[in-house]
Each structure stands twice: as structure tokens, then as C-alpha cells.
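Residues per chain are reported as follows:
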Amino acid sequence: MKVETDMPTFQRLTKCLAEIYPQATVELLASDPALRDLGFVHEIPCTIEIHATQEQINEIKEMAIQFEIDAINSADGTYCPDNSEAYLNYEKYGWLFDFFYGNQE
């Protein structure tokens, strides 16, 4: 799956997937630092390839949803304390659902 994104997102995605789902890998296909250097964009744009099947991507999205569910596990439905492991995992990996949902082929 090819995706147009920016360099910080590529780096964050690569790190997060290596930590929670190493079966899926991310490859940098192209980047254009000149656009940032010339002031046309704030971040370096890049094209990446995510090496994962649709089933694997669905599993990653399900994991991201579970991180959010785990972060909201109090009796009153509010988020866990900001320093809890569940909340920290949600903060670190919860964005993956939106990333993959927004970049479906």
C-alpha cells in the first residue's frame, strides 16, 4: 500500500509498527527535502510503501481500537490517569487507526 505523507509520520509509523506489529514494515520510496528547504512545506513530503496485507492492516486497526478501550476502563467511563500504562499506550499507538482508516485503498 503506497501512501503520501511526511517524514515525521513515516518515522513515527516505522517505530510504532516495529514495536507492536513487526510483521508489517514501512519502506521509504521517495522524499523531497528541497520543498521544505525552499519553504514550500513545513515537513519533508515523502512516498512510503507499507508492506502489509489488508488482514494485517485490519489487525493493526483493531489493536489501536483496543488501546483506546483499555485507556477508558474506569467505572465512570473517563480516561485512565495520564501516567497509566493503558493511557500511555493509547497516546502512543491510538493514532494508527486514523492513519490506516484515512489511507485505505
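Residues numbered from 1 in each chain as written. Predicted model: local features only at pLDDT ≥ 70, side-chain atom pairs only at ≥ 80, totals over all residues. Heavy atoms only, no water.

Participant: How would you summarise the packing of aromatic side chains if you had to cite specific residues and measurements?
Facilitator: Pairs of aromatic rings are described using the distance from one ring centre to the other and the angle between the two planes. By the definition in use, this model includes five aromatic pairs. By way of ring pairs, the aromatic residues Trp-95, Phe-99 and Phe-100 are connected into one cluster. (Phe/Tyr/Trp six-rings, centres within 6.5 Å; stacked < 30°, edge-to-face > 60°.)

Participant: Can you tell me about the sheet that holds strand E1 (residues 2-6), naming the residues and giving the values?
Facilitator: Spatial strand order, E1-E3-E2: three strands in an open sheet with antiparallel pairing. Of all the strands in the sheet, the pair left with one neighbour each is E1 and strand E2 (25-31). The average undirected angle you get between the axes of adjacent strands in this sheet is 35 degrees. Both E1 and strand E3 (residues 45-51) contribute to a ladder of five bridges, which runs antiparallel. The residue bridging Thr-5 from the neighbouring strand is Cys-46, located in E3. Its contacts with the sheet place helix H1 (residues 7-20) against E1, E2 and E3, and it is angled at close to 165 degrees to E2. (Pairing = 2+ DSSP bridges. Helix = DSSP H or I, 4+ residues; strand = E, 2+ residues; numbered from the N terminus. Axes fitted to C-alpha atoms, helices over the stretch in contact; angles between N-to-C directions. Contact = heavy atoms within 4.5 Å.)

Participant: Could you give me a rundown of helix H5 (residues 95-102), with the residues and numbers involved?
Facilitator: Where H5 is concerned, the buried positions are Trp-95, Leu-96, Phe-99 and Phe-100. Buried residues of H5, viewed axially, fall in a sector of 125 degrees; they line one side. Those residues of H5 that are exposed and aimed more than 90 degrees away from the buried face are Asp-98, Tyr-101 and Gly-102. Those residues of H5 hidden inside the fold are in contact with E1, H1, E3, helix H3 (54-71) and helix H4 (85-93). (Buried < 20%, exposed > 50% of the residue type's maximum accessible area, 1.4 Å probe, protein only. Arc of directions from axis to C-beta.)

Participant: Go over H3 with me, naming the residues and quoting the values.
Facilitator: Here H3 contains 18 residues, and its C-alpha end-to-end distance of 26 Å stays within 8% of the 26 Å for a straight helix at 1.5 Å per residue. Among the residues of H3, those classed as buried are Gln-56, Ile-57, Ile-60, Lys-61, Ala-64, Phe-67 and Ala-71. Down the axis of H3, the sector holding all buried residues measures 145 degrees, keeping them to one side. Away from the buried face of H3 by more than 90 degrees, exposed residues Glu-55 and Glu-62 are located. Looking at the buried residues of H3, the elements they touch are H1, H4 and H5. (Expected span 1.5 Å × (residues − 1).)

Participant: Residues and numbers for the pattern of salt bridges, please.
Facilitator: One pass over the full model with this rule turns up three salt bridges. In this structure, Glu-19 and Lys-15 form a salt bridge, with 3.1 Å as the shortest nitrogen-oxygen distance. One end of the pair, Glu-19, and the other, Lys-15, are both in helix H1, four residues apart, so they sit about a helical turn from each other. Accessibility expressed as a relative area gives 36% for Glu-19, which makes it partly exposed. Take Lys-15: its relative accessible area is 48%, and that puts it in the partly exposed class. Salt-bridge contacts for Asp-37 lead to Arg-36; the nearest nitrogen and oxygen are separated by 3.3 Å. The exposure class assigned to Asp-37 is exposed, which follows from its relative accessible area of 57%. (Salt bridge = Lys/Arg side-chain N within 4 Å of Asp/Glu carboxyl O.)

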